[in-house]
Amino acid sequence: MKRVLITGVTGQDGAYLSQLLLAKGYEVYGLVRRSSAMDVMDEKLRWLGVADHIRMVDGNLTDLSSLLRVLKDVKPDEVYNLGAQSFVKSSWNQPLLTGSVTGLGAANVLEAVRLEAPGARFYQASSSEMFGLIQEPRQSEKTPFYPRSPYAAAKLYAHWMTVNYRESFGLHASSGILFNHESPLRGIEFVTRKITDGVARIKLGLQEKLALGNLDAKRDWGHARDYVKAMWLMLQQDKPDDYVVATGRTASVREFCDIAFSHVGLRADDHITTDARYLRPAEVEVLLGDPTKVRDRLGWRSETSLEALVAEMVEADLKRVARRVAS
Ligand code: NDP
Ligand code: GDR
């Protein structure tokens, strides 16, 4: 039985990846940082019905000694580094924390793998945010990076450390440059979930308006359930490498709203307002990935359309909000 260690196991991707790997027969270990809310920390894993099958291990990405202990104890075959301060907007408010967790945290995991489990295969959760102020209309593995936030700068450091550890120490270290991927388990602070939660509340008569920031920003949105399959495929290859993972379609926040509101028979224009509080000091205006390499080499493709993704998220939020109202 293969053993896997997942950092960020309590997040959106950690939950879907755990579900995938448990179904494949892996023994799944999840790194969990101590918090005062341990009773709800596995909410996303519970949603997918996998919480009880994961072995939680105590540690923090900023604490190398904890990672060394965990790697020594678990001796995993595969390590997925999904842990991060992942909310771009907060990275301007907490730039150093973001650098420590999202940037140096990855270096800590790489060091722990190198010292305690050098045969393990390593996955780094890189991001399309690294393309930032885009240098090409469609971004591929060859497109130059131009980070636009402390988050993106931290991810770029982690990305190059992954490449460097592969080239310096021969680690089987791969980096997935994933474009935005969403699901009913997306954190409520991200725009897609904020919209689908807002649509549910408005539909159920709990509120009238939804305030957003830049409606013209465009993203290449896929489903997290599809994207974790690409992560796993990368670690099954003989040679480690870097891959862009995307749908190849881009849509604006405004278009996302239109699809979400029309799903429940409402018009977005009647309910959306804008509020400067949600604007960013520097914006990533548009992202559009070129998934040719991941398709040709790994046989991966995005299986969920934007319309199906939005419908699933709205339906899940309608249920969630209705349940909360009833209780
Ligand atoms: P989430 O924000 O949902 O999850 C982040 C996870 O990191 C949580 O489990 C969180 O734990 C954990 N974490 C935060 N700080 C620490 C720390 N100091 N030590 C240990 N664990 C910590 O992110 P996603 O699941 O959406 O994304 C997974 C990864 O992929 C992230 O690295 C993200 O930056 C990256 N990414 C995401 C994309 C997306 O569209 N979703 C696209 C490209 C990259 P806790 O529950 O305690 O907060
Ligand atoms: P992003 O996701 O920054 O792309 O990072 P987010 O959903 O926060 O923003 C997407 C775009 O929507 C615009 N926007 C708003 N965003 C939020 N959060 N709230 C609003 O009210 C709002 N109104 C408009 C933003 O300005 C932005 O242009 C996500 C994270 O998962 C990262 O960790 C990951 O690396 C990238 O995706 C790929």
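Right above here is the structure, for reference.
Quick notes on the rules
Residues numbered from 1 in each chain as written. Chains lettered and ligands numbered in written order. Predicted model: local features only at pLDDT ≥ 70, side-chain atom pairs only at ≥ 80, totals over all residues. Heavy atoms only, no water. Helix = DSSP H or I, 4+ residues; strand = E, 2+ residues; numbered from the N terminus. Polar contact = N/O pair within 3.5 Å; in protein donor to acceptor, adjacent residues only side chain to side chain. Contact = heavy atoms within 4.5 Å. Near = heavy atom within 4 Å. Areas by Shrake-Rupley, 256 points an atom, 1.4 Å probe, with all protein chains shown as cover. Nonpolar A, V, L, I, M, F, W, Y, C, P; charged D, E, K, R; others polar. Domains from an automatic or database assignment. Phe/Tyr/Trp six-rings, centres within 6.5 Å; stacked < 30°, edge-to-face > 60°. Buried < 20%, exposed > 50% of the residue type's maximum accessible area, 1.4 Å probe, protein only. Lys NZ or Arg CZ within 6 Å of the ring centre and 35° of its normal. Axes fitted to C-alpha atoms, helices over the stretch in contact; angles between N-to-C directions. Left-handed = near helix turned anticlockwise from the far one by under 90°. Salt bridge = Lys/Arg side-chain N within 4 Å of Asp/Glu carboxyl O.

### A look at the side chain of H159
With respect to the helices and strands, H159 occurs in helix α6 (residues 150–169). Within the local environment of H159, its side chain forms a polar contact with the side chain of S175, the two groups lying 2.8 Å apart. Apart from residues no more than four positions distant in its own chain, H159 is found in contact with S126, M130, F145, S175, I177 and D242.

### Some thoughts on the site of ligand 2
The environment of ligand 2 is formed by 23 residues, the closest being S86, S127, Y151, R280 and E283. The separation between an oxygen atom of ligand 2 and a polar side-chain atom of R186 is 2.9 Å. R280 places a side-chain nitrogen or oxygen 2.6 Å from an oxygen atom of ligand 2. Protein chains bury 95% of the 710 Å² of accessible surface belonging to ligand 2 in isolation. Here the residues of the shell around ligand 2 are counted per class, giving 10 nonpolar, 6 polar and 7 charged. Each of domain 1 (3–181 + 221–245) and domain 2 (187–219 + 249–286 + 303–326) contributes no fewer than three residues to the shell around ligand 2.

### A look at the packing of aromatic side chains
Applying the stated criterion across every chain, the model contains 8 aromatic pairs. Judged by centre distance (5.2 Å) and plane angle (80 degrees), the rings of F87 and F190 are edge-to-face. In this pair, F87 is assigned in the loop between β4 (78–81) and α4 (90–93) and F190 in the loop between β7 (181–182) and α7 (191–203), connecting sequence segments 103 residues apart. Like F190, F87 is buried. In textbook terms, an aromatic cluster arises when at least three aromatic residues are bridged by ring pairs, as seen for F131, F145, W160 and F179. Between K24 and the ring centre of W232, over which it is positioned, the NZ or CZ distance is 3.9 Å.

### Quick word on the site of ligand 1
Close to ligand 1 lie 24 residues; T10, R33, N60, S86 and Y151 are nearest. In the model, an oxygen atom of ligand 1 is placed 2.6 Å from a nitrogen or oxygen of the T10 side chain. In isolation ligand 1 has 900 Å² of accessible area, and contact with the protein removes 86% of it. Sorting elements by how many residues they give to the shell around ligand 1 places strand β5 (residues 121–127) first, with 3 residues. In terms of residue class, the shell around ligand 1 is built from 9 nonpolar, 11 polar and 4 charged.

### Considering the packing of helix α1 (residues 12–23) against helix α8 (residues 224–235)
Taken N-terminus to C-terminus, the directions of α1 and α8 make an angle of 65 degrees; their axes are 9 Å apart at the nearest point. Classified by chirality, the crossing of α8 by α1 is right-handed. In contact with Q12, D13, Y16, L17, L20 and L21 of α1, α8 contributes A224, R225, V228, K229, M231 and W232. For the contact of α1 with α8, a count of residues per class yields 8 nonpolar, 1 polar and 3 charged.

### Quick look at the pattern of salt bridges
For the structure on display, the rule yields 23 salt bridges. One salt bridge in this structure joins R219 and E129, with 3.7 Å as the shortest N-O distance. Here E129 lies in the loop between β5 and α6 and R219 lies in strand β9 (residues 218–219), a separation of 90 residues in the sequence. For R225, the salt bridge identified is with E312, shortest N-O distance 3.1 Å. With R225 in helix α8 and E312 in helix α11 (residues 306–326), the pair connects residues that are 87 residues apart, well separated along the chain. Classification of R225 by relative accessible area gives partly exposed; the value is 33%. The partly exposed category is assigned to E312, whose relative accessible area is 26%.

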